[in-house]
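The chain contents come next:
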Amino acid sequence: MSESKKVIMLGNEAIARGAYEAGVKVSSAYPGTPSTEISENLVKYRDDLYAEWAPNEKVAAETAIGASISGVRAMACMKHVGLNVASDPLYTVSYMGVNGGLLFMVADDPGLYSSQNEQDSRMIARAAGVPVLEPSDSAEAKEFVKIGFELSEQFDRPVIFRITTRLAHSQGLVELKDREEIPDKTYEKDIRKNVMMPGNAKFRHVEIEKRNNELKEAADTLPINKIEMNDTRIGVITSGIPYQYVKEALPQASVLKLGMVNPLPEKLIREFASKVETLYVVEELDPVIEEQVKSWGIPAIGKEIFTIQGEYSANMIRKAILGEEVRMDPPADVPQRPPILCPGCPHRSVFYVLNKLKMHAAGDIGCYTLGAVAPLSVVDTTICMGASISSLHGMEKAKGKEYIKNWVAVIGDSTFLHTGVNSLMNMVYNQATGTVLILDNSTTGMTGHQDHAATGKTLQGDPTYAINIPNLCRAIGVPNVQEINAFDIVALEKAIKEEVAKDEVSVIITKTPCVLLDKRPKPLYAADPEKCKKCGMCMKPGCPAMTRNEDGTIRIDDTMCTGCGLCESLCKFGAIELVKAGEK
């Protein structure tokens, strides 16, 4: 073995390293903050393992399951709402079990930093009967990956590896070790185990309950579940990142640190509870541990004094348990900075046109969700991936064709391939009326510009076939498909008016790459105050590069302008001019 080395790593980076060291051979994922960097770091080890972007989390899970069945260690990576999409295969593979070790890497988002809800993946794991590991820092994240695969293979269980935003994006010291070359498991045909028809599933349900009971007994002696005895007046059961807050807030308290949070080590918890005067359960989000502890008749204090919302902190714990108020300097009085579309974003011109036409938009998950905020204020709904098209369909079936003449569905290219295409098929199949705008910016923008099935490049950087979205729409039966430059606002307005007037399904694709993808020098526009009539038309799209001077004339910040030309196309007085051409 080569000499080990210690480095600073993000939690997500450490997980990727752990997968490499554990001998993983296949990983499939859909990008979703805060999990995205796991896969982006896995490609560093492409000589030893295969990593891919899948069109959605269900496909990613099924790919990893297939790899496991064949006999290799595999994993699927996603954020918490992605686990919803992957729940169908998750629940079933829980019955099947594994051949090669199988991990579901799931990143929860307490505090809603980049998500539409704060769901707790431990609840899904309990319902599916799947064990859960939860590390507390980067070093544990790497080592727990290896432990997860060992437990998966030992107990014939898929394992959920749960992290949160704070762990995913914080750094810690990690000791690098060599990769374990794990021999492939032999594949043996086993219809009773791997074919989940009702008769087989009944048998497997009995089997997995047996396995879970074995795992529950093992949890009492697993080294990742450990008691740290100190002052016995206060005892705390905790796990994950909250463990760090507990140690900071209550350095003298006794702590039961859980590395496995499902199933819980009942004997160990009873032993710990018997040794402390007052027992607290500190866990972010839902009272998953607390409810089980109390169901065993063990007195404990939890959500009576802690919130089920957002992230915790050492100060919060100190105040809740000790009653200590921590004096903090008042926050700086700074202007509010709501999220906005980038200067030059092609979505801005689309939303400007929709706003001008007084249209409503059923929105989706992506950068274009920002079309809901002022001054554009076009997006009326955002539910989940692909829901824009389905919800528009539901409106039409509920209220009729005339009702949606001033509605469109708005969805991005990656989200369309994720689940939007199924919704569009449903519209065609059920003879719907409605106009869908696919805002194709040639990337998965909000999570950091990852490739997808229509970009022509894989996660590992290899060139590949790029799905032709217009042809795909035509192939599933959409009778009206137009492709337009997002910044051609005249053509775009004409197309929207034409398509919403039709009594059938229409798709308008605004094919304009994300402005951040092109690193070449950009054109630059400037406003001439002598020509400016102060009408404010150029300000309506809400570009952050544009401000007003004290006299009401327009000024364009040359450090922010990306040269999209939208403002110039809106100015009827020639007050905005191109002052520097960009590279072509």
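That block above? That's the structure.
All values reported here derive from a predicted model rather than from experimental measurement.

Engineer: Lay out the overall build of the protein in plain terms, naming residues and giving numbers.
Structural biologist: Across its full length, the protein carries 20 helices and 23 strands. For 584 residues, the compact-globule estimate of 2.2 N^0.38 gives 25 Å, and the C-alpha radius of gyration of the protein, at 27 Å, lies within 12% of that figure. Its C-alpha atoms give the protein principal-axis dimensions of about 80 × 65 × 55 Å. Taken over 584 residues, the protein has a buried fraction of 55%. Sequence separation of 24 or more characterises 76% of the internal contacts of the protein that already satisfy a separation of 6 or more. Per element, the accessible surface of the protein, about 25400 Å² overall, is 53% carbon and sulfur.

Engineer: Tell me about the pairing of strand β8 (residues 171-176), and name the residues and values.
Structural biologist: The alternating pattern of β8 places Gly172, Val174 and Leu176 on a buried face and Gln171, Leu173 and Glu175 on a face that is not buried. By the bridge criterion, six bridges tie strand β1 (residues 5-10) to β8 in an arrangement that is antiparallel. Bridged to Met9 within β8 is Gly172.

Engineer: With reference to specific residues and values, describe helix α10 (residues 198-219).
Structural biologist: Its 22 residues give α10 an end-to-end C-alpha distance of 31 Å, which sits within 8% of 32 Å, the value for a rise of 1.5 Å per residue. Every buried residue belonging to α10 is among Asn200, Ala201, Arg204, Glu207, Ile208, Asn212, Leu215, Ala218 and Ala219, and all of these are buried. Viewed end-on, α10 has its buried residues packed into an arc of 150 degrees, placing them on one side of the element. When the buried face of α10 is taken as reference, the exposed residues oriented beyond 90 degrees from it are Gly199, Lys202, Val206 and Glu217.

Engineer: Could you give an account of the side chain of Ser414, with specific residues and numbers?
Structural biologist: With respect to the helices and strands, the residue Ser414 is situated in helix α17 (residues 413-429). A relative accessible area of 4% means that Ser414 is categorised as buried. A polar contact of 2.7 Å, which involves the side chain of Ser414, links it to the side chain of Tyr30. Looking at Ser414, its side chain comes within polar contact range of the side chain of Thr444, at 3.0 Å. The residues contacting Ser414, other than those within four sequence positions of it, are Tyr30, Thr443, Thr444 and His452.

Engineer: If you had to explain the environment of Arg318 to someone new, which residues and values would you point to?
Structural biologist: Tracing the chain through its elements places Arg318 in helix α14 (residues 314-322). Since its relative accessible area comes to 15%, Arg318 is described here as buried. In contact with Arg318, other than residues within four places in its own chain, are Glu248, Ala249, Gly323, Glu324 and Val326.

Engineer: Summarise the sheet that holds strand β18 (residues 480-484); cite the residues concerned and give the values.
Structural biologist: Overall, parallel pairing links the six strands, which are arranged β15-β14-β16-β17-β19-β18 in an open sheet. The open sheet has two edge strands, β15 (379-381) and β18, and neither has a second partner. Strand-to-strand twist across the sheet, computed as the mean angle between neighbouring axes with direction ignored, equals 30 degrees. As paired strands, strand β16 (residues 407-412) and strand β17 (residues 434-440) are joined by four bridges and run parallel to one another.

Engineer: Hey, could you go over the packing of aromatic side chains for me, with residue numbers and the actual values?
Structural biologist: Under the counting rule described, the total for this entry stands at two aromatic pairs. A ring pair is formed by Tyr20 and Tyr45, whose centres lie 4.5 Å apart and whose planes are at 15 degrees; its orientation type is stacked. Taken together, the residues span a long stretch of sequence, with Tyr20 in helix α1 (residues 11-21) and Tyr45 in the loop between α2 (36-42) and β3 (50-53) at a distance of 25 residues. Across the pair, Tyr45 and Tyr20 agree in class, each one buried.

Engineer: An account of the pattern of salt bridges is requested, with residue identities and associated values reported.
Structural biologist: Counting across every chain of the model gives 41 salt bridges. Residue Lys319 is joined to Glu325 by a salt bridge in which the shortest nitrogen-to-oxygen separation is 3.2 Å. On the accessibility criterion, Lys319 (44% relative accessible area) is partly exposed. For Lys502, the salt bridge goes to Glu499, with nearest N and O atoms at 3.1 Å.

Engineer: Outline the environment of Asp48, listing residues and values.
Structural biologist: If you trace the backbone, Asp48 turns up in the loop between α2 and β3. Separated by 422 residues in sequence, Asp48 and Pro470 place their C-alpha atoms 37 Å apart. When neighbours within four sequence positions are excluded, Asp48 is seen to be in contact with Tyr20, Val24, Arg179 and Glu181.

Engineer: Which residues make up helix α13 (residues 288-295), and what values do they have?
Structural biologist: Turning to α13, its buried residues number three or more, namely Val288, Ile289, Glu290, Gln292 and Val293. Buried residues belonging to α13 abut α6 (121-128), β10 (231-239), β11 (253-258), β12 (260-262), α12 (266-275) and β13 (278-282). Downstream of α13 by a residue or two, Gly297 has a phi angle that is positive, lying close to 80 degrees.

Engineer: With reference to specific residues and values, describe the sheet that holds strand β6 (residues 132-133).
Structural biologist: Each strand in a sheet pairs with another by means of backbone hydrogen bonds, the pair being arranged parallel or else antiparallel. A sheet is described by the order of its strands in space; here seven strands give the open sequence β3-β2-β4-β5-β7-β6-β12, paired in mixed fashion. Of all strands in the sheet, those bounded by a partner on one side alone are β3 and β12. Bridging between strand β2 (residues 26-29) and strand β4 (residues 74-79) involves four bridges; their strand directions are parallel. Its bridge partner being in β4, Ala29 is matched across the sheet by Cys77. Sitting on the sheet, helix α7 (residues 138-155) touches β4, β5 (102-108), β6, β7 (159-164) and β12, and the angle it makes with β5 is about 140 degrees.

Engineer: Describe the pairing of β5, and please don't skip the residues or the numbers.
Structural biologist: Buried residues dominate β5, accounting for seven of its seven residues. Burial along β5 is two-sided: Leu102, Phe104, Val106 and Asp108 and Leu103, Met105 and Ala107, pointing in opposite directions, are all buried. Here β4 runs beside β5; their pairing, made up of six bridges, is parallel. What sits directly across from Ala74, in β5, is Leu102. As paired elements, β5 and β7 share six bridges and run parallel to each other. Residue pairing for β7: Asp108 is matched across the bridge by Thr164.

Engineer: Kindly report on the packing of helix α11 (residues 240-249) against α14, identifying the contributing residues and their values.
Structural biologist: Contact pair α11 / α14: the axes reach a minimum separation of 8 Å and the direction vectors enclose 60 degrees. As far as their axial angle goes, α14 and α11 are oblique. Relative to α14, the crossing made by α11 is right-handed. Across from Pro242, Tyr245, Val246, Glu248 and Ala249 in α11, the residues of α14 making contact are Ala314, Ile317, Arg318 and Leu322. Its residues assigned to classes, the contact of α11 with α14 shows seven nonpolar, no polar and two charged.

Engineer: I'd like a rundown of the side chain of Thr512, residues and numbers included.
Structural biologist: Of note, Thr512 is situated in the loop between β19 (505-511) and β20 (524-527). At a separation of 3.5 Å, a polar atom in the side chain of Thr512 contacts the side chain of Asn485. Residues within four places of Thr512 in sequence aside, it is in contact with Pro346, Asp440, Asn441, Asn485, Ala486 and Phe487.

Conventions adopted
- Residues numbered from 1 in each chain as written.
- Predicted model: local features only at pLDDT ≥ 70, side-chain atom pairs only at ≥ 80, totals over all residues.
- Heavy atoms only, no water.
- Helix = DSSP H or I, 4+ residues; strand = E, 2+ residues; numbered from the N terminus.
- Rg over C-alpha atoms; globule rule 2.2 N^0.38 Å.
- Buried < 20%, exposed > 50% of the residue type's maximum accessible area, 1.4 Å probe, protein only.
- Contact = heavy atoms within 4.5 Å.
- Areas by Shrake-Rupley, 256 points an atom, 1.4 Å probe, with all protein chains shown as cover.
- Pairing = 2+ DSSP bridges.
- Expected span 1.5 Å × (residues − 1).
- Arc of directions from axis to C-beta.
- Polar contact = N/O pair within 3.5 Å; in protein donor to acceptor, adjacent residues only side chain to side chain.
- Axes fitted to C-alpha atoms, helices over the stretch in contact; angles between N-to-C directions.
- Phe/Tyr/Trp six-rings, centres within 6.5 Å; stacked < 30°, edge-to-face > 60°.
- Salt bridge = Lys/Arg side-chain N within 4 Å of Asp/Glu carboxyl O.
- Parallel < 35°, antiparallel > 145°, perpendicular 65-115°, else oblique.
- Left-handed = near helix turned anticlockwise from the far one by under 90°.
- Nonpolar A, V, L, I, M, F, W, Y, C, P; charged D, E, K, R; others polar.

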